[in-house]
Amino acid sequence: MKSIDLSVASRNVRTYILDYIVSYFYVPIAIWPLFAMKYVSFSELGIILMVGMIVNMLLNIPTGALADRFGRKTMILISYTLAFLSRVIIVFAFNFWLFLISEILKQASEAFYAGSAVALVYDSLKKEKREQEFKSVESRGYFFATTGLIGASILGGYLFGVHPRAPFIAMLFIEVLMIVNALRYIEDRTSASVLKETYISTLRKGVSHIFRHRQIAIVSLYSLVISFVFFSAMWLLYQKSANEFGFSPVLVGYLIAVLYLFRAGGTFVYAKMLNYILDRTMGIGLALSQALGSFLLALAQVPLALFGLGTRYFTDGLRQPFLTKIQNEHIESKYRSTSLSAISFLSSLSLAIFSPLLGFGMDRIGARATLALTGILSLVLGTYLGSMITEKKNNVKY
């Protein structure tokens, strides 16, 4: 039995890493705003993204509870099916409504996926008392996925030159590969006590789980701050404020590929140091790095501003596997998907609230001043929350 369990966990790990690589190979990543702006105005694009984010928020927690109640693999397959339908629509999109429908399906797909694969793989490793391996699995998957994004950025730019819709057509084939790969996941539901509970009970307990435990609440709030500060840097790539830094649309495409190389470097470093550094130290270091990137972008000329962006992406390479690790270590198994979805919901909510403020700030006081403010946020609140993160005690049973 033990050998079968080991093979199940190992298969799930291999499937998860391949899932990571394929799902992150988003070919249109560098050119989708250029494509969208051919058919919709900037204001319409903002409405499309806002509605999509609202859909994501409304579905995030319910879909997490559904995953805990009826199976994570099922939610993953539903997610990728919705993503495929979204790609089909955008291939033929030529007006506001088609772009809106595509974005709604895309955000619904992300809501169904949120936390499901992570929870499935982490719990399969935990069943074999191998959960400590997950931090290495996560960092490896994120590293390979980021490396793939470099190729996706370059490929997307080339295909866009052939035909503006070509990158999105390529994504149809990738979505099919994602569905086929997801079928390889193995999920053991026979011993899940959560099956005895109602959906409403699962939903209520999963959401309250992140508020009842002080350390989970700290980790969740820290995740929101760090994710938001990183998100603020992305604005200057696609918004009109990019001109303030001298970034032409052509340069943005190449820049994104280079930045993902920085992020891959951050993930590689994290994989090497994860066994030698405390979570509190990592938390403080991430916040300080985010602040440094913000200040470099705010105060420097173009060369150092680019270095500031590189710092941001290098830090992001550390951020994602680190946050996933500390969240999973403190969340109870049977409510893992629901709680992770709740954290994702809060992240989307914070972006929905603060994104208009970011846009207003960049319009009124400029990108540099706005980024300086986000740097202060990371320096003060991020480092404070990071200092409150503690190591998970081994004698705590989850």
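Heads up: these notes are all about the structure in this document. (Residues numbered from 1 in each chain as written. Predicted model: local features only at pLDDT ≥ 70, side-chain atom pairs only at ≥ 80, totals over all residues. Heavy atoms only, no water.)

Let us now look at unusual backbone geometry. Of note in the backbone geometry, Lys-129 takes a positive phi value of approximately 60° without being a glycine. Counting through the fold element by element, Lys-129 comes out in the loop between helix H6 (116-127) and helix H7 (134-162). Taking relative accessible area as the criterion, Lys-129 reaches 75% and is therefore assigned exposed. (Helix = DSSP H or I, 4+ residues; strand = E, 2+ residues; numbered from the N terminus. Buried < 20%, exposed > 50% of the residue type's maximum accessible area, 1.4 Å probe, protein only.)

Once that is clear, we can look at the side chain of Asn-12. Relative to the helices and strands, Asn-12 resides in helix H1 (residues 2-24). Apart from the residues lying within four places of it in its own chain, the contact partners of Asn-12 are Leu-120, Val-121, Ser-124, Arg-184, Tyr-185 and Ile-186. (Contact = heavy atoms within 4.5 Å.)

Moving on, we get to the environment of Ala-93. Relative to the helices and strands, Ala-93 is located in the loop between helix H4 (72-91) and helix H5 (96-113). Once the C-alpha coordinates of Ala-93 and Ala-36 are considered, the two residues, 57 residues apart in sequence, prove to be 9.0 Å apart. The residues contacting Ala-93, other than those within four sequence positions of it, are Phe-35, Tyr-39, Leu-98, Phe-99 and Arg-165.

Judged by nonpolar contacts, the single largest core of 50 residues is most densely connected at Tyr-16, Val-40, Phe-99, Val-121, Phe-134, Phe-168 and Tyr-185. Element by element, the count of residues in this core is highest for H7, at eight residues. Every residue in contact with Phe-99, bar those within four places of it in the chain, is listed here: Phe-35, Ala-36, Tyr-39, Val-40, Ile-48, Ile-90, Ala-93 and Phe-94. In terms of nonpolar packing, the next biggest core, distinct from the first, is built from 17 residues, Ile-226, Val-229, Leu-318 and Ile-326 among them. (Core = buried A, V, L, I, M, F, W, Y, C linked by side-chain atoms within 4.5 Å.)

Note on placement: Val-13 falls in helix H1. In the structure, Val-13 is positioned 111 residues away from Ser-124 in sequence and 8.9 Å away in space, judged by C-alpha atoms. Apart from residues lying up to four places away in sequence, Val-13 is in contact with Val-121, Leu-125, Val-137 and Arg-140.

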